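A closer look at the structure
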Amino acid sequence: MKIMKKSNTSKSQNESEIALKESEQMYRTTMMSVGDGVITTNTEGEVKLMNPVAEELTGWKQKEAQGKSLEEIFPIINEDTRKNVENPVRRVMREGKVAGLANHSVLIAKDGTEHPITDSGAPIHNEKDEITGVVLVFRDQTLERIAQKALQESEVKYRTLFENAQVGMYRSKLDGTAILAVNRKLAEIFGSNEKEMLDNPATIRWADPNARGRMVEKLKQSGFLHDYEIDILTKSEEIRNLSISVHLYPELGYLEGSAIDITGRKEAEEQIRRLNEELEEIVKQRTAQLQDTLELNQKIINSSSLGIFACKEEGPCIIANPAVARISGASVEEMLKINFRELDSWKKNGLFQKAETALRTKKVQTAEIHLTTSFGRDAWIFYYFTTFRSGGKLHFLMIVEDITERKLDENELKKYRDHLEELIKERTTELMRSRELLEEAQTMAHVGSWEFNIVKDEISGSEEFYRLFGVSKEQIAHYQQFVSLLHKDDWERVQKDVEESIEWSKPYDTDYRIVLSDSKVRQINARGRVFIDDTGKPLRMMGTCMDITERKQTEEEIRKLNTELEDRVAKRTSQLEASNKELEAFSYSVSHDLRAPLRHVSGYVELLNKHFHSELPEKGQHYLNSIADSVRLMGVLIDDLLQFSRTGRMELRESDFDMNEIVKEVIESLGKDNPDRKIEWVLGKLPSIYGDKALLRLVWMNLLSNAVKFTRTGKQTRIEIGVKKEKKELVFFVRDNGVGFDIQYAQKLFGVFQRLHPAEEFEGTGVGLANVRRIILRHGGRTWAEAELNNGAIFYFSIPKKN
Amino acid sequence: MLKLRTILFAEDNPKDVELTLEALSDHNLANNVIVVRDGVETMDYLRSEGNYKQRKPGNPAVLLLDIKMPRMDGLEVLKAIRSDARLKTLPVVILTSSREEQDLIKSYELGVNAYVVKPVDFKEFIEAVRQLGVFWAVINEVPLENKS
């Protein structure tokens, strides 16, 4: 157990000195270990002290620099003009107050290297308030400049890509009330220009006024849209059809999208559809004509006095008319059952050889045979053999004439053949013309069309189709050839799409990549549908394909750039967090360690005063009082500085609350602190807002205590508090009728340790308004003030309205 | 007159010790103060171990505890006290230079009875220490088994 005894005089004085030395040692250590360069000079501008950072940046060592002029050790020039800049130390000496350096200053080190820097100088005062020197604090900005430049370059790259993209791109607010960004292509689509569109969101017009609502609804469900088709109205009232892709960013409050004008493509597809229809109509007509021809044919055959008889190459008869039956002495039905290869009579009379020769040589064969009919009549018969193809098979046709009668009109058959040939020629020409038209339309629209005969496994396409695939007709004649041209990764998916489409007769719409002969990859969008027969059996697929390589590349590039930017932001954020942590650790140790020696100085001064008051001369007591005053001020400064640094670092704890409530609390507490003051408070009705309640209470405390402080020299104090509701923000204000200030210093008001009145008149450290500005900035608002000297002041701060 | 009970005062800085005792002696509160220089010594005293094996049994009326101390700091001491069955009801007052929110939160989470920031101004400091001494050593009542 220890019992402490009271100390004696010499020990107390000794302790006081040690404490002061410790305090000085603390500052020296702080100066040597801070991350900024620090140089102190005497009043002549000669260097006294440099910390290690200053040594590194200037290239001068403390030992060689000591006593040299600051202009020599710390030469600075303007980055742009390369002219010398006045050394801030000179300005501080001349004006006797804190001076900052102009922007874009460059420090030239001893070895000639240059460092972009920011700096400021402040006077050093002795206890008599005389300037004994200047302390210059500066910081190397090289890394910040490089980082800033890289960010700008990336921004420019992204911007250029955005502006020159051949796809229309835009960003707008979710509610459509403002267009935030738009590129030239999109403006072109709308028949407008970028500036006009940014100024006026009404330039985006929809052909159907309800279409946007439907689109937004769909967008909200999925968060994005791809290839969504919608009609818009251009400035000249023209309807255009767009395919758009939109991404929603609800947390950012906007949506981003791209648009392609597909009006042309639509028209081409429409034209193809129309041509197909015409083609079908022609086919129908021709089929009807053929049907007519066939009927006519049958009539001719039946009514012909010439015998007409036709057989397949392998034997069975397919055509036999009444005339041939009559000549042969049988019925038509009996004739139709004949297989000429099994007819013994033909082998005997040589007709079999004639038929065989005709089939083999495809040359006309004739024969005249004398025979006896079943009616016992002698007859000379003329046989004429020719061949034809039907259903891909070879046949022979035999014309039989009873030349005994010699009454036949030989012209009839010839005429009929000519007619048939004419018809076929006509039809072929028309089909050719249709096809040419189709090809032309497809080439214009860069759309290839194709047909896949499922039954025969045959693929055919338009010229544009072969151009897109970069192969000849023969290289893509079958389905497996088509598959082999695809990118390997797409094989399985595309085949599955095709199979499903065939199986369920559903429309086919898919994107795939094809690998060209030079290994380049082309992106294709293919669409088509399946045609089935009456029984539902799939016959063929028909459709189009389009090159979408560029569109895909642009989309990919944008996605990449976005990812890069996000990475950069994340990196920067974690750097900031790290430096915040360091600051926190620093201020924690300041809070602990800087206060203790101050408390000791205060304590020992008090003890000296208490126990040896009578032994001290009046001057000695005055000294002690001055020490005590300075210690008290130092304590307040440390507390204010710590609080200021804390308001910048603390996380905002935001909630909805009533502003009236905290203003009333603050007024009440100020009333208690100033019981002898009579203050007329004029309090307007304030709204509820969303923000950090504790920090905003501090804002009101600072503003209102300032108002109370600076009105105390007047007769009647009136302080008015109110709010103005502007379009995008709420502007709060405090108006007083106090001493005011000179409006030309209004900019300085919100800086740290800035004061516009001498401390003897109005106490304070000059941190209050700096805190106000920091807190309001962190809420996204602004601070400013208006005043007239001796005629009151108005302080304003704004808080953005909630969306 | 009310009975003056023991105050255990944990503080490593001799100047703080001297100034605090000076403040207490002005109000005749210094005689029952026991000074320990760090956390380890504090725990030794409270558990009657090491140099304090022979001390009179019983807990002090209050522990005035600094946060920043060598070997074992104030918050560690507080944690040890609150998890010791024989000590957990001991009144503990943090007496520190730190006004940091994190220290305040941690102290209250660990179950401190009061948290006092040492004022820089010595007159205020004397007043604060006087009030602490009077309240904890004279006015405050503790359960019977805690009494020395």
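Nothing here was measured: the structure is a model prediction, and the numbers come from that model. (Residues numbered from 1 in each chain as written. Chains lettered and ligands numbered in written order. Predicted model: local features only at pLDDT ≥ 70, side-chain atom pairs only at ≥ 80, totals over all residues.)

Quick look at the overall build of chain A
A count of helical and extended segments in chain A gives 24 helices and 30 strands. The 803 residues of chain A split such that 24% are buried. (Helix = DSSP H or I, 4+ residues; strand = E, 2+ residues; numbered from the N terminus. Buried ≥ 20, exposed ≤ 12 C-beta atoms within 10 Å, placed from the backbone.)

Observations regarding the overall build of chain B
Each helix and strand in chain B was counted, giving 5 helices and 5 strands. For chain B, buried positions account for 41% of its 148 residues. Taking contacts inside chain B between residues at least 6 apart in sequence as the whole, the part at least 24 apart equals 69%. (Contact = placed C-beta atoms within 7 Å.)

What to know about the pairing of strand 9 (residues 179-182) of chain A
Here 3 bridges tie strand 8 (residues 168-173) of chain A to strand 9 of chain A, and the two strands are oriented antiparallel to one another. Across the sheet, residue Arg-171 of chain A finds its bridge partner in strand 9 of chain A, namely Ala-181 of chain A. (Pairing = 2+ DSSP bridges.)

Brief notes about the packing of helix 21 (residues 618-649) of chain A against helix 24 (residues 768-778) of chain A
Residues and elements named next belong to chain A. Contact geometry for helix 21 and helix 24: axes closest at 9 Å, N-to-C directions at 5 degrees. With respect to their mutual orientation, helix 21 and helix 24 come out roughly parallel. Every residue of helix 24 that contacts helix 21 at Gln-643, Phe-644, Thr-647 and Gly-648 is listed here: Ala-770, Asn-771, Arg-774 and Ile-775. Of the residues belonging to the contact of helix 21 with helix 24, the class tally is 3 nonpolar, 4 polar and 1 charged. (Axes fitted to C-alpha atoms, helices over the stretch in contact; angles between N-to-C directions. Parallel < 35°, antiparallel > 145°, perpendicular 65-115°, else oblique. Nonpolar A, V, L, I, M, F, W, Y, C, P; charged D, E, K, R; others polar.)

Thoughts on the interface of chain B and chain A
Many descriptions give the size of an interface as the accessible area lost when the pieces come together. On the side of chain A, 20 residues touch chain B, which itself brings 21 residues to the contact. Looking at the side of chain B that touches chain A element by element, the count peaks at 6 residues for helix 1 (residues 14-25) of chain B.

Some remarks on the confidence of the model for chain B
Residue and element names in this part refer to chain B. Of all residues in chain B, 94% have pLDDT values of 70 or greater, and the mean over the chain is 85. Here helix 5 (residues 122-139) stands out as the least confident element of chain B, with mean pLDDT 84; helix 3 (residues 74-82) is the most confident, with 93. Interface confidence in the predicted complex, given as ipTM, is 0.73; pTM for the same model is 0.37. (pLDDT = per-residue confidence, 0-100.)

Remarks on the sheet that holds strand 22 (residues 521-532) of chain A
The strands making up a sheet associate through backbone hydrogen bonding, with each pair oriented either parallel or antiparallel. Residue and element names in this part refer to chain A. The 5 strands are arranged 20-19-23-22-21 in an open sheet whose pairing can be described as antiparallel. The sheet is open, and its two edges are formed by strand 20 (458-461) and strand 21 (508-515), each paired on a single side. With strand direction ignored, the average angle separating the axes of adjacent strands in the sheet is 25 degrees. Bridging between strand 19 (residues 447-453) and strand 20 involves 4 bridges; their strand directions are antiparallel. Across the sheet, Phe-452 pairs through a bridge with Ile-459, a residue of strand 20. Across the sheet, helix 18 (residues 491-504) lies against strand 21, strand 22 and strand 23 (538-547), angled at about 150 degrees from strand 21, the strand it touches most.

Here's the deal with the confidence of the model for chain A
When pLDDT is averaged along chain A, the result is 83, and 94% of the positions lie at 70 or above. Segment residues 1-7 of chain A is flagged for pLDDT under 50; beyond a separation of four residues in sequence, or across chains, it makes 8 contacts in the model.

A word on unusual backbone geometry
Residue and element names in this part refer to chain A. Positive phi is not limited to glycine here, since Glu-237 has a value of about 65 degrees. Turning to its location among the elements, Glu-237 is positioned in the loop between strand 11 (224-233) and strand 12 (239-249). Of note, Lys-362 is a non-glycine position whose phi angle comes to about 60 degrees, a positive value. Within the element layout of this structure, Lys-362 appears in the loop between helix 14 (351-361) and strand 16 (365-372). When the 13 C-beta atoms within 10 Å are taken as the criterion, Lys-362 is described as partly exposed.

Description of helix 5 of chain B
Note on helix geometry: an α-helix contains 3.6 residues per turn, so any two residues three or four positions apart are oriented the same way. Under the 1.5 Å per step criterion, the end-to-end length of helix 5 of chain B is 24 Å for 18 residues, consistent within 8% with the ideal 26 Å. When helix 5 of chain B is considered as a whole, its buried residues turn out to be Phe-122, Phe-125, Ile-126, Val-129, Leu-132, Gly-133, Trp-136 and Ala-137 of chain B. Within helix 5 of chain B, the buried residues cover an arc of 135 degrees as seen down the axis, which keeps them to one side. Those residues of helix 5 of chain B hidden inside the fold are in contact with helix 20 (595-612) of chain A together with strand 1 (7-10), helix 1, strand 3 (62-65), strand 4 (92-96) and strand 5 (114-117) of chain B. (Expected span 1.5 Å × (residues − 1). Arc of directions from axis to C-beta.)

Some remarks on the environment of Lys-693 of chain A
Residue and element names in this part refer to chain A. Within the secondary structure, Lys-693 is located in helix 23 (residues 693-709). Lys-693 sits in the partly exposed class, given 17 other C-beta atoms within 10 Å. In sequence terms Lys-693 and Leu-652 are 41 residues apart; their C-alpha atoms lie 9.2 Å from each other. Setting aside residues up to four positions removed in sequence, Lys-693 forms contacts with Ser-655, Phe-657 and Ile-662.

Here's the deal with the packing of helix 20 of chain A against helix 21 of chain A
Residues and elements named next belong to chain A. Packing of helix 20 against helix 21 leaves a shortest axis separation of 10 Å and a crossing angle of 155 degrees. Regarding the angle of helix 20 to helix 21, the classification is roughly antiparallel. The chirality of how helix 20 crosses helix 21 is left-handed. Side by side, helix 20 and helix 21 meet where Arg-595, Leu-598, Val-601, Ser-602, Val-605, Leu-608 and Asn-609 of the first sit next to Leu-624, Ile-627, Ala-628, Val-631, Met-634, Gly-635 and Ile-638 of the second. (Left-handed = near helix turned anticlockwise from the far one by under 90°.)

Notes on the nonpolar core
Grouped together as the largest cluster of nonpolar side chains are 40 residues, with contacts concentrated most on Ile-7, Ala-10, Leu-63, Leu-64 and Leu-65 of chain B. Contributions of two or more residues to this core are made by strand 1, helix 1, strand 2 (33-36), helix 2 (39-46), strand 3, helix 3, strand 4 and helix 5 of chain B. No other element matches helix 5 of chain B, which puts 7 residues into this core. By size, the runner-up hydrophobic cluster in this structure holds 34 residues, among which are Leu-695, Leu-696, Ile-775 and Ala-793 of chain A. (Core = buried A, V, L, I, M, F, W, Y, C linked by C-beta atoms within 7 Å.)

What about the sheet that holds strand 27 (residues 717-725) of chain A?
All names here are of chain A. Taking strand neighbours across the sheet as the criterion, the 5 strands line up as 25-27-28-30-29 in an open arrangement whose pairing is mixed. The open sheet terminates on both sides in strands that have one partner only, identified here as strand 25 (679-683) and strand 29 (783-787). The mean angle between the axes of side-by-side strands here comes to 15 degrees, regardless of whether they run parallel or antiparallel. Sheet analysis places strand 28 (residues 729-736) next to strand 30 (residues 793-800), joined by 8 bridges and oriented antiparallel. Within the sheet, the bridge partner assigned to Phe-732 lies in strand 30 and is Phe-797.

Overview of the environment of Arg-522 of chain A
Residue and element names in this part refer to chain A. Following the sequence through the fold, Arg-522 ends up in strand 22. For Arg-522, a count of 18 C-beta atoms within 10 Å gives the class partly exposed. Linking Arg-522 and Leu-486, residues 36 residues apart in sequence, is a C-alpha distance of 9.5 Å. Not counting residues up to four positions away in its chain, the partners in contact with Arg-522 are Arg-513, Ile-514, Leu-516, Asp-547 and Thr-549.

Observations regarding helix 14 of chain A
Residues and elements named next belong to chain A. Buried residues of helix 14: Leu-351, Lys-354, Ala-355 and Ala-358, and no others. All buried residues of helix 14 fall inside an arc of 95 degrees around its axis, so they share one side. Structural note: helix 14 exposes Arg-360 and Thr-361 on the side pointing more than 90 degrees away from its buried face. Looking one or two residues beyond helix 14, the residue adopting positive phi is Lys-362, at roughly 60 degrees.

Let's talk about the pairing of strand 22 of chain A
Residue and element names in this part refer to chain A. Inspection of the sheet shows strand 21 paired to strand 22 by 8 bridges, in the antiparallel sense. Each bridged residue has a counterpart across the sheet, and for Asp-511 the counterpart in strand 22 is Asn-525. Counted along the chain from strand 21 to the antiparallel partner strand 22, the turn is 5 residues long, and its residue Ser-519 has a positive phi close to 70 degrees. Pairing geometry for strand 22 and strand 23, over 9 bridges, is antiparallel. Its bridge partner being in strand 23, Ile-524 is matched across the sheet by Asp-547. A loop of 5 residues connects strand 22 with strand 23, the two strands running antiparallel in sequence, and Gly-536 in this loop sits at a positive phi of about 90 degrees.

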